[in-house]
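Report on the structure
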Amino acid sequence: MGPCHDELHYMLNASTRLVEVPDLVARGAYVVVHAPRLHGRTTWLRGLAAGLAEGGAWAVVRASCRPRGGAAEGASGERALLEAIARAAGEQLPAPLRPPPWPPSYDVRFAGVVLSAWARACPRPLVLLLDDVDLLPRETRASLLTQMRATYEARPRAAPWSVVFCGSEEVQASAVELLGPGSTSLRLPDFTAAQVATLCAEHTEETGQPFRDEAVAQIAAISGGHPWVVNVLAREIVEKLRPPLRQPITAVHVRTAAERLRGAWV
């Protein structure tokens, strides 16, 4: 699977999910956002980054913590993370906002110092959006979160103004404990029935084929609002069952798709 893209997929605007996060960023909060796998975390984080960058108030960088190759612990793991952040900054920020050259080698204790140096040099408050935090090696993750807590009071000029740590539910409790009282923990919510209806309406707008209300209700009920299941159900209907576009999609189509998928997964 992977993240969704506007030009390829029907999508909800990131601003409709966790609507409070932009305000938390504006207030300088450190935020832990957690959700199960295949819940749209990366897609949501991409949308959040685009929305925050629009106003030009902050230097916004979105980077993945997913290790490249073998997972590295200790100083090498932290170096790899900082290099990933530097690569992302090079791709996402204009030159005046990018980090200054970092030392070719540094002790694991110095990652917070490196980010603080960037915050001091950057003409805008620095906002980091870190995806896949749960995939960091345990020692690297603990070190990063501890250092973020240690530099929190140095904001806005000597530390990142706001950081959003995005990962699985398994790490959220330990992340909040390490970050301390300056942090907020939020779960990326399931789709509501209204949001499922919005996604179905995008199909109708593009093709002219409507979803009947009972079909939308069935998709919401069967999926429980899990974004990946909503997507798989809808794709099974429109790409595999393929009812003629002149016919509306009904609850019967949804139930048939669900049974086919259950058979395939057993």
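For the structure itself, look to the data block above.
Just so you know, the residues in each chain are numbered from 1, in the order the chain's sequence is written. Restriction of local features to residues with pLDDT of at least 70 applies here, the model being predicted, together with a cutoff of 80 or more for giving and counting side-chain atom pairs; totals for whole chains, interfaces and linings are based on all residues. Values reported for side chains reflect all heavy atoms of the structure, with hydrogen atoms and water molecules removed beforehand.

1. Brief notes about the overall build of the chain
- To qualify as a helix, a DSSP run of H or I must reach at least 4 residues; to qualify as a strand, a run of E must reach at least 2; elements of each kind are numbered from the N terminus. In terms of helices and strands, the chain carries 10 helices and 5 strands.
- Only protein chains enter the accessibility calculation, which uses a 1.4 Å probe. A residue is then buried if its area is under 20% of the maximum for its type, exposed if over 50%, and partly exposed in between. Looking at the 266 residues of the chain, the share that counts as buried comes to 45%.
- The contacts in the chain between residues at least 6 apart in sequence include a share of 78% that link residues at least 24 apart.
- If you sum the accessible surface of the chain, you get close to 13200 Å²; carbon and sulfur atoms cover 54% of it. When checking whether two residues touch, look at their non-hydrogen atoms; a contact exists if any pair is within 4.5 Å. Calculation of accessible area relied on Shrake-Rupley with a 1.4 Å probe; when residues are assessed, cover is drawn exclusively from the protein chains displayed.

2. What about the packing of aromatic side chains?
- A pair of aromatic rings is counted whenever rings of Phe, Tyr or Trp (Trp by its six-membered ring) have centres within 6.5 Å, and the orientation is called stacked for planes under 30 degrees apart, edge-to-face for over 60 and tilted otherwise. Enumeration according to the criterion identifies 2 aromatic pairs in this entry.
- Ring centres 4.9 Å apart and planes at 85° place the aromatic pair Tyr30 and Tyr152 in the edge-to-face group. Of this pair, Tyr30 sits in strand 1 (residues 30–34) while Tyr152 sits in the loop between helix 5 (138–151) and strand 4 (162–167); the two residues are 122 residues apart in sequence, bridging distant segments of the chain. Take Tyr30 and Tyr152: they sit in the same class, and that class is buried.

3. Topic: helix 6 (residues 169–179)
- Among all positions of helix 6, only Val171, Ala175 and Leu179 are buried. What you see down the axis of helix 6 is that its buried residues fit within an arc of 65°, all on one side. Residues of helix 6 that are exposed and point more than 90 degrees away from the buried face comprise Ala173 and Glu177.
- Where helix 6 ends, the next residue or the one after it, Gly180, has phi of about 85°, a positive value. Each direction from the helix axis to a C-beta atom contributes to the arc, which is the arc of those directions.

4. Considerations on the packing of helix 5 against helix 6
- Geometry is summarised by axes, namely lines fitted to C-alpha atoms with helices restricted to the contacting stretch, and by angles between N-to-C directions that run from 0 to 180 degrees. With their axes 8 Å apart at the nearest point, helix 5 and helix 6 run at an angle of 35° to one another. Judged by residue contacts, Arg141, Ala142, Leu145, Thr146, Met148 and Arg149 of helix 5 engage Val171, Ala175, Glu177, Leu178 and Leu179 from helix 6.
- Each residue gets one label: Ala, Val, Leu, Ile, Met, Phe, Trp, Tyr, Cys and Pro are nonpolar, Asp, Glu, Lys and Arg are charged, and the others, such as Gly, are polar. Of the residues assigned to the contact of helix 5 with helix 6, the class counts are 7 nonpolar, 1 polar and 3 charged.

5. Here we look at the pattern of salt bridges
- Each reported salt bridge corresponds to a side-chain nitrogen of Lys or Arg within 4 Å of a carboxyl oxygen of Asp or Glu. Under the criterion given, the structure shown has 7 salt bridges.
- Arg27 serves as the salt-bridge partner of Asp23, at 2.4 Å between the closest nitrogen and oxygen.
- Among the charged side chains, a network of salt bridges with common partners joins Glu169, Arg187 and Asp190.

6. Comments concerning the packing of helix 7 (residues 193–207) against helix 8 (residues 213–223)
- Helix 8 packs onto helix 7 with a crossing angle of 125° between their chain directions and a minimal axis gap of 9 Å. Classified by the angle their axes make, helix 7 and helix 8 are oblique. Remark: the crossing between helix 7 and helix 8 carries right-handed chirality. Of the residues in helix 8, those in contact with Ala193, Val196, Ala197 and Cys200 of helix 7 are Val216, Ile219 and Ala220. If an angle is under 35 degrees, it is roughly parallel; if it is over 145, roughly antiparallel; if it lies from 65 to 115, roughly perpendicular; otherwise it is oblique. We call a crossing left-handed when the near helix sits turned anticlockwise from the far one by less than a right angle, and right-handed when that turn is clockwise.

7. Quick notes on the environment of Leu126
- Position of Leu126 among the secondary structure elements: in strand 3 (residues 126–131).
- Between the C-alpha atoms of Leu126 and Ser116, which are 10 residues apart in sequence, the distance is 9.7 Å.
- Apart from residues lying up to four places away in sequence, Leu126 is in contact with Ala59, Leu115, Trp118, Ala119, Pro160, Trp161 and Ser162.

8. A few points about the sheet that holds strand 5 (residues 183–187)
- Taken in spatial order, the 5 strands line up as 2-3-4-1-5 in an open sheet, and their pairing is parallel. Edge positions in the sheet fall to strand 2 (59–64) and strand 5, since each of these pairs with one other strand and no more. Neighbouring strand axes in the sheet, compared pairwise and without regard to direction, differ in orientation by 15° on average.
- In the packing of helix 5 onto the sheet, contacts are made with strand 1, strand 3 and strand 4, and the angle to strand 4 comes to roughly 155°.
- Here helix 6 sits on the sheet in contact with strand 1, strand 4 and strand 5, set at roughly 165° to strand 1. Here a strand pair is declared whenever DSSP counts at least two bridges between the two strands.

9. Brief notes about the nonpolar core
- The biggest cluster of nonpolar side chains holds 33 residues, and the ones touching the most others in it are Tyr30, Ile85, Trp118, Leu128, Leu130, Met148 and Phe165.
- For this core, the elements supplying multiple residues, two or more each, are strand 1, strand 2, helix 3 (74–92), helix 4 (111–121), strand 3, helix 5, strand 4 and helix 6.
- Apart from the residues lying within four places of it in its own chain, the contact partners of Ile85 are Val61, Ala63, Trp118, Leu128 and Leu130.
- Nonpolar cores were defined as sets of buried Ala, Val, Leu, Ile, Met, Phe, Trp, Tyr and Cys residues, with membership established by side-chain atoms within 4.5 Å. Membership of the second largest hydrophobic core comes to 22 residues, among which are Leu18, Leu24, Ala35 and Leu45.

10. Some words on the environment of Thr204
- Tracing the backbone through its elements, the reader meets Thr204 in helix 7.
- In this structure the C-alpha to C-alpha distance between Thr204 and Ile249, which are 45 residues apart in sequence, comes to 9.9 Å.
- Ignoring any residue separated from it by four or fewer positions in sequence, one finds Thr204 in contact with Gln209, Pro210 and Phe211.
- Within the local environment of Thr204, its side chain forms a polar contact with the backbone oxygen of Gln209, the two atoms lying 2.8 Å apart. The definition of a polar contact used here is a pair of N or O atoms within 3.5 Å, where within protein one atom must be able to donate a hydrogen and the other to accept one, and adjacent residues in sequence count solely through side-chain atom pairs.

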